[in-house]
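Here's the letter readout for the chains.
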Number of protein chains: 2
Amino acid sequence: MARAANLDEYRRSKVTIREIADLAGVSIATVSRVVNSRGDVAPETRDLVMRVVQEHGYMTNRSARALSGGRTGHIGLTIPLMRGDYFAAILEGALEAVYEEDMRLVLYTTLHEHDREVSVLERLSDGATDGAIILLPEECGFPFVVVDPRIPLDDGIPAVSAAHRAGALAATEHLLSLGHRRIGHISGPAGWAAATERIEGYHSALAAAGVLPTSELIAEGNFEAPSGVAAAHILLDLPDPPTAIFASNDNMAAGVLQAAHERGLTVPGDLSVVGFDDADLATILSPELTTVRQPLAELGRTGVSLLTRMLERQRVEALRVELATRLVVRESTGPPAQR
Amino acid sequence: MARAANLDEYRRSKVTIREIADLAGVSIATVSRVVNSRGDVAPETRDLVMRVVQEHGYMTNRSARALSGGRTGHIGLTIPLMRGDYFAAILEGALEAVYEEDMRLVLYTTLHEHDREVSVLERLSDGATDGAIILLPEECGFPFVVVDPRIPLDDGIPAVSAAHRAGALAATEHLLSLGHRRIGHISGPAGWAAATERIEGYHSALAAAGVLPTSELIAEGNFEAPSGVAAAHILLDLPDPPTAIFASNDNMAAGVLQAAHERGLTVPGDLSVVGFDDADLATILSPELTTVRQPLAELGRTGVSLLTRMLERQRVEALRVELATRLVVRESTGPPAQR
DNA sequence: CTGTTAGCGCATTCAC
DNA sequence: GTGAATGCGCTAACAG
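Residues numbered from 1 in each chain as written. Chains lettered and ligands numbered in written order. Predicted model: local features only at pLDDT ≥ 70, side-chain atom pairs only at ≥ 80, totals over all residues. Heavy atoms only, no water.

Novice: For the pattern of salt bridges, give the residues involved together with the corresponding values.
Specialist: In the structure shown here, the tally under the stated rule is 25 salt bridges over all chains. Residues Glu96 of chain A and Arg116 of chain B are paired through a salt bridge, measuring 3.3 Å at the closest nitrogen-oxygen approach. Separated into two different chains, Glu96 of chain A in helix H6 (residues 85-100) and Arg116 of chain B in helix H7 (residues 114-124) make up a pair that spans both. The exposure classification of Glu96 of chain A matches that of Arg116 of chain B, with both residues buried. Between Arg301 of chain B and Glu100 of chain B there is a salt bridge, and its shortest N-O distance comes to 3.9 Å. Linking Arg301 of chain B in helix H13 (residues 296-313) with Glu100 of chain B in helix H6 (residues 85-100), this pair joins segments that are 201 residues apart in sequence. (Salt bridge = Lys/Arg side-chain N within 4 Å of Asp/Glu carboxyl O. Helix = DSSP H or I, 4+ residues; strand = E, 2+ residues; numbered from the N terminus. Buried < 20%, exposed > 50% of the residue type's maximum accessible area, 1.4 Å probe, protein only.)

As structure tokens, then:
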């Protein structure tokens, strides 16, 4: 089948349910039943209709179905930004789930800009989508579930997130068990739920090991690599510098590696570093990063299934899901150097 | 405005054009004219309607508009896979353009699987979208433009791609000008247009400098990092190993860095490496990668504008766009070591 | 089991 | 300038 020479031709070429009905000598309703695989159709009628449908390549018009049925089959997904494998991984999971449910994913980016967030939220309620997966929380009269919430959410808002605290705890314990006592932490931006919970995990591990947390050992970053190198330099410039650094994500851990490289420090010989996320980046770096794996794709996938469940049951349930994280030990951690 | 307690309530809460018309004491047609900013409306009527619209938060229902107007305002975008900043960058550009045109982007992944590609193509023509940006070329009766074609395309298929040949030429010339004569190349998969053109650029630069290309200096990879380390080892195991390696993308260049690291080779001291893409990865690595910048976001953006132009003119034009690439010199290249 | 009948919400002729 | 009427393609009662 060659490409249509122009759009008009393409549009005209679309077969409607009425034409199929006429061709098959049945009513529109019957065709509808067949294509929606309803049970109450005689086998022979079904076969007949199916044949005509096949022959003419009929596909039901989604717009019409949406208008009539009240559901578009689209779900929206807002994401702060595309770059970095972090969000891509979540998106990938969501796409997978959406594909399996024969729905479509309408993508929006907010770029972390407030204006943009507002306008995206507005667009979300224009009927183009049935619901949304949101990577930023806002109140709005629209069915949605928040994935990986940036800030603490009201109860009653469905959300799926990862076990940040437990992951950070495991990461710090790992360092502790290796013999480290001066363990620096590069945190995410203050106010972000994930960043806060990871600090908490770091603190509890320290406390459990009887190590006194010092605020000078915590430097704040913004989840981007450059902030990681800056923070690493601050930490390493300390009179009594850390022998290990736990960064709140892999990007910043990459920054730590870069800073170490600049100072001629070997990893893990002179400095151990642990990341968080287990993004693709973690295994691309040398040495490969010891990090905490977040089930990113699962996050996206779970978000979709939560949403579709809400959509089907016709009512919003307050559901909270927390997915487990786990430490992945690779090459960037080892015992501290002897003094 | 609090969240609707359940979906039914949410759905009922949507205001229709008819209600606005009644409230404003005008006809449906008038409201339609106003919200679509048609000229032929009296200023006072316009203001009145606008006020009512604002007050009730009316938004025109996209499904109804799509059914009535024959255009959904959605455009599809198929992408092989989400991971890696490469496709993300293209997607980002496309999203930007789509946002500006007040359209929506429906995302599909093919995972490079043939079955998946076919089913995605089918879904594309179900009326959910007006047209598509495709990262894989197939003939189908549907308006689309191919971005970054994987294989050579028939004339007559609108496409936008980057200047692979020129970029590879610049990269190789750079190495040559530094004094390198044994320059290895890690290519992309055979048959991919981008890979082939980059090899051609590499060859012409060599030829222009009077250096005889040797096939042993070309190793094939698959654009992923592990294939880069494998290929690098092959090249470096040569009796007369290269002093510089030009990898066909940044992922594989990262693999080369990793291989060098494993062998205790310093970059660029013992080995120079050049990548291609200038993905985010390039500046996260240490040393930062000298690479050829592809205008990834521009690729996506241009794809969208090409498509919308096609959609508006109501006919398919055969347009071919090639966007310029440019060499970005960073830390991973330098003169060859003295023998 | 199957056909008939109503809309779904909107854009768009046309008259006025 | 404005309103009434028509249809986009389909699903969902209902009736037979």
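Novice: Help me get a handle on the protein's contact with DNA strand D, residues and values and all.
Specialist: In the vicinity of DNA strand D lie 26 residues, with Ile17, Tyr58 and Ser68 of chain A together with Thr30 and Thr45 of chain B positioned nearest. Counting only the atoms of DNA strand D that lie within 4 Å of the protein, the sugar and phosphate share comes to 62%. Here a phosphate oxygen of DNA strand D sits 2.5 Å away from a polar atom, N or O, in the side chain of Tyr58 of chain A. A distance of 3.0 Å separates a phosphate oxygen of DNA strand D from a polar backbone atom of Ser27 of chain B. Going through the elements one at a time, helix H3 (28-35) and helix H5 (62-69) of chain A together with helix H3 (28-35) and helix H5 (62-69) of chain B are the ones with two or more residues in the surface near DNA strand D. Considering every element that reaches the surface near DNA strand D, the biggest residue donor is H3 of chain A, with 4 residues. Classifying every residue of the surface near DNA strand D gives 10 nonpolar, 11 polar and 5 charged. (Near = heavy atom within 4 Å. Polar contact = N/O pair within 3.5 Å; in protein donor to acceptor, adjacent residues only side chain to side chain. Nonpolar A, V, L, I, M, F, W, Y, C, P; charged D, E, K, R; others polar.)

Novice: Account for the protein's contact with DNA strand C, naming residues and giving values.
Specialist: Around DNA strand C there are 24 residues in total, and Thr30, Arg33 and Thr45 of chain A together with Ile17 and Tyr58 of chain B lie nearest to it. Sugar and phosphate atoms constitute 63% of the interface atoms of DNA strand C, taking the interface as everything within 4 Å of the protein. Contacts to DNA strand C include Ala42 of chain A, whose backbone N or O atom sits 2.7 Å from a phosphate oxygen. For the surface near DNA strand C, the elements supplying multiple residues, two or more each, are H3 and H5 of chain A together with H3 and H5 of chain B. A per-class count over the surface near DNA strand C returns 10 nonpolar, 10 polar and 4 charged.

Novice: Let's hear about the side chain of His185 of chain A: which residues, and what values?
Specialist: All names here are of chain A. Positionally, His185 belongs in strand S6 (residues 183-187). In this structure His185 comes out as buried when scored by relative accessible area, which is 0%. A distance of 2.8 Å separates the side chain of His185 from the backbone oxygen of Phe246, its partner in a polar contact. Each residue touching His185, except ones within four places of it in the same chain, is listed here: Ile199, Tyr202, Leu217, Ile218, Ala219, Leu235, Phe246 and Ser248. (Contact = heavy atoms within 4.5 Å.)

Novice: Talk me through the sheet that holds strand S5 (residues 159-162) of chain A; I want residue IDs and the actual numbers.
Specialist: With mixed pairing, 12 strands are arranged side by side in an open sheet as S11(A)-S5(A)-S4(A)-S3(A)-S1(A)-S2(A)-S2(B)-S1(B)-S3(B)-S4(B)-S5(B)-S11(B). In this open sheet, the two edge strands, each paired with only one partner strand, are strand S11 (320-323) of chain A together with strand S11 (320-323) of chain B. Sheet twist, expressed as the average angle between the axes of neighbouring strands with direction ignored, equals 20 degrees. Where strand S1 (residues 74-79) of chain A and strand S3 (residues 131-134) of chain A come together, 4 bridges link them in parallel fashion. (Pairing = 2+ DSSP bridges. Axes fitted to C-alpha atoms, helices over the stretch in contact; angles between N-to-C directions.)

Novice: Explain the packing of helix H8 (residues 164-177) of chain B against helix H9 (residues 193-208) of chain B residue by residue, including any values.
Specialist: All names here are of chain B. Where H8 contacts H9, the axes come no closer than 7 Å and their chain directions differ by 40 degrees. When the axes of H8 and H9 are compared, the pair comes out oblique. Two packed elements cross with a definite hand, and for H8 against H9 that hand is right-handed. On H9, the residues that touch His164, Arg165, Ala168, Leu169, Thr172, Glu173 and Leu176 of H8 are Ala194, Glu197, Arg198, Glu200, Gly201, Tyr202, Ser204, Ala205 and Leu206. Residue composition of the contact of H8 with H9, grouped by class: 7 nonpolar, 4 polar and 5 charged. (Parallel < 35°, antiparallel > 145°, perpendicular 65-115°, else oblique. Left-handed = near helix turned anticlockwise from the far one by under 90°.)

Novice: Describe in detail unusual backbone geometry, supporting the description with residues and values.
Specialist: Put simply, Ser286 of chain A and Pro287 of chain A share a cis peptide bond, and its omega is -5 degrees. Residue Pro268 of chain B is bonded to the preceding Val267 of chain B through a cis peptide linkage, with omega at 10 degrees. Looking at the element boundaries, Pro268 of chain B is found in the loop between helix H11 (250-263) and strand S9 (272-277). Of note in this structure, Asp277 of chain A is not a glycine but carries a positive phi near 125 degrees. Despite not being glycine, Phe223 of chain B shows a phi value in the positive range, around 75 degrees.

Novice: Describe the environment of Leu289 of chain A, listing the residues and the values that go with them.
Specialist: All names here are of chain A. If you trace the backbone, Leu289 turns up in the loop between helix H12 (281-284) and strand S10 (290-293). Accessibility expressed as a relative area gives 0% for Leu289, which makes it buried. When residues no more than four places from it in sequence are discounted, the contact partners of Leu289 are Asp250, Ala253, Leu257, Val273, Gly275, Ala282, Val328, Arg330 and Ser332.

Novice: So what's going on with the pairing of strand S9 (residues 272-277) of chain A? Residues and values would help.
Specialist: All names here are of chain A. Burial of S9 is extensive: 6 of the 6 residues sit out of reach of the surface. Burial of the side chains of S9 extends over both faces: Ser272, Val274 and Phe276 are buried on one face and Val273, Gly275 and Asp277 on the other. Here strand S8 (residues 244-247) runs beside S9; their pairing, made up of 3 bridges, is parallel. Within S9, the position partnered with Ile245 by the bridge is Val273. Sheet topology places S9 next to S10; 4 bridges connect them, and they run parallel.

Novice: Lay out helix H8 (residues 164-177) of chain A with the relevant residues and their values.
Specialist: Residue and element names in this part refer to chain A. Its 14 residues give H8 an end-to-end C-alpha distance of 20 Å, which sits within 8% of 20 Å, the value for a rise of 1.5 Å per residue. Inspection of H8 places His164, Gly167, Ala168, Ala171, Thr172, His174, Leu175 and Leu176 among the buried residues, and these make up the whole buried set. Of the residues flanking the end of H8, it is Gly179, one or two places downstream, whose phi is positive at about 110 degrees. (Expected span 1.5 Å × (residues − 1).)

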